[in-house]
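Inside the fold
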Amino acid sequence: MFSFIWQLPQNLIGLFMLMWHKKFCKHEIKKISNVDGIQYYLLKHVNDCGISLGNYIFLDSDRSVSKKAVKHEYGHQLQSKRLGWLYLIIIGIPSVIGNIIYRKTKFKPYGDYYKQPWEKWADELGNVNRY
């Protein structure tokens, strides 16, 4: 219960996102795992990426999900556990903005999307070896 409250903003957004997909999207939602209270879901049209919001991790069912992607999103979940209410400000918003800029312009401010500090930290926490 403490973990849910500590991560309340991102948990509420994750819960809202899940409810939104259940109510308005005609695509199947597939729960693939529930490990240590973290619920993993496959959703269509998650923009070729994963999203970690508190106790909810969403992965795109339109493409094959790699172990690296799962581990990376788990790294974001660990960031959420450490940062609590600050997660969205320190990690979530910069990650979304960085993702949009990278996808729309292919501008690589750090040479590679995953070299951005918040993404690199998620890789480290998730034990992802990219290079």
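Bear in mind that the values here come from a model prediction, so they are computed numbers and not experimental data.

Here we look at the packing of aromatic side chains
In this description, a pair of aromatic rings is defined by centroid distance and the angle of the planes. Taken as a whole, this structure holds six aromatic pairs when the rule is applied. Centre to centre, the rings of Trp20 and Phe24 are 4.4 Å apart; their planes meet at 45°, and the pair counts as tilted. Here Trp20 and its partner Phe24 are both found in helix 2 (residues 8-24), four residues apart, which amounts to about one turn of the helix. Of the residues examined, Trp20 reaches a relative accessible area of 41% and is grouped as partly exposed. Using a relative accessible area of 48% as the deciding quantity, one classes Phe24 as partly exposed. Their ring planes at 5° and their centres at 6.3 Å tell us that Tyr56 and Phe58 sit as a pair that is stacked. A relative accessible area of 6% means that Tyr56 is categorised as buried. An aromatic cluster of three or more residues is present, and its members are Phe16, Trp20 and Phe24. In this structure, Arg130 is placed above the aromatic ring of Tyr114, and the distance from its NZ or CZ to the ring centre is 3.5 Å.

Description of the packing of helix 3 (residues 67-83) against helix 4 (residues 87-105)
Interaxial distance between helix 3 and helix 4 falls to 9 Å at its minimum, and their mutual angle equals 150°. In terms of axis orientation, helix 3 runs roughly antiparallel to helix 4. Residue-level inspection shows His76, Gln79, Ser80 and Leu83 of helix 3 in contact with helix 4, the latter providing Tyr87, Ile90, Ile91 and Ser95. Among the residues forming the contact of helix 3 with helix 4, the class breakdown is four nonpolar, four polar and no charged.

Description of helix 3
Taking 1.5 Å per residue as the helical rise, helix 3 with its 17 residues ought to reach 24 Å, and the 24 Å between its terminal C-alpha atoms agrees with that figure. Backbone geometry just after helix 3 places Gly84 at a positive phi near 55°.

Quick notes on the rules
- Residues numbered from 1 in each chain as written.
- Predicted model: local features only at pLDDT ≥ 70, side-chain atom pairs only at ≥ 80, totals over all residues.
- Heavy atoms only, no water.
- Phe/Tyr/Trp six-rings, centres within 6.5 Å; stacked < 30°, edge-to-face > 60°.
- Helix = DSSP H or I, 4+ residues; strand = E, 2+ residues; numbered from the N terminus.
- Buried < 20%, exposed > 50% of the residue type's maximum accessible area, 1.4 Å probe, protein only.
- Lys NZ or Arg CZ within 6 Å of the ring centre and 35° of its normal.
- Axes fitted to C-alpha atoms, helices over the stretch in contact; angles between N-to-C directions.
- Parallel < 35°, antiparallel > 145°, perpendicular 65-115°, else oblique.
- Contact = heavy atoms within 4.5 Å.
- Nonpolar A, V, L, I, M, F, W, Y, C, P; charged D, E, K, R; others polar.
- Expected span 1.5 Å × (residues − 1).

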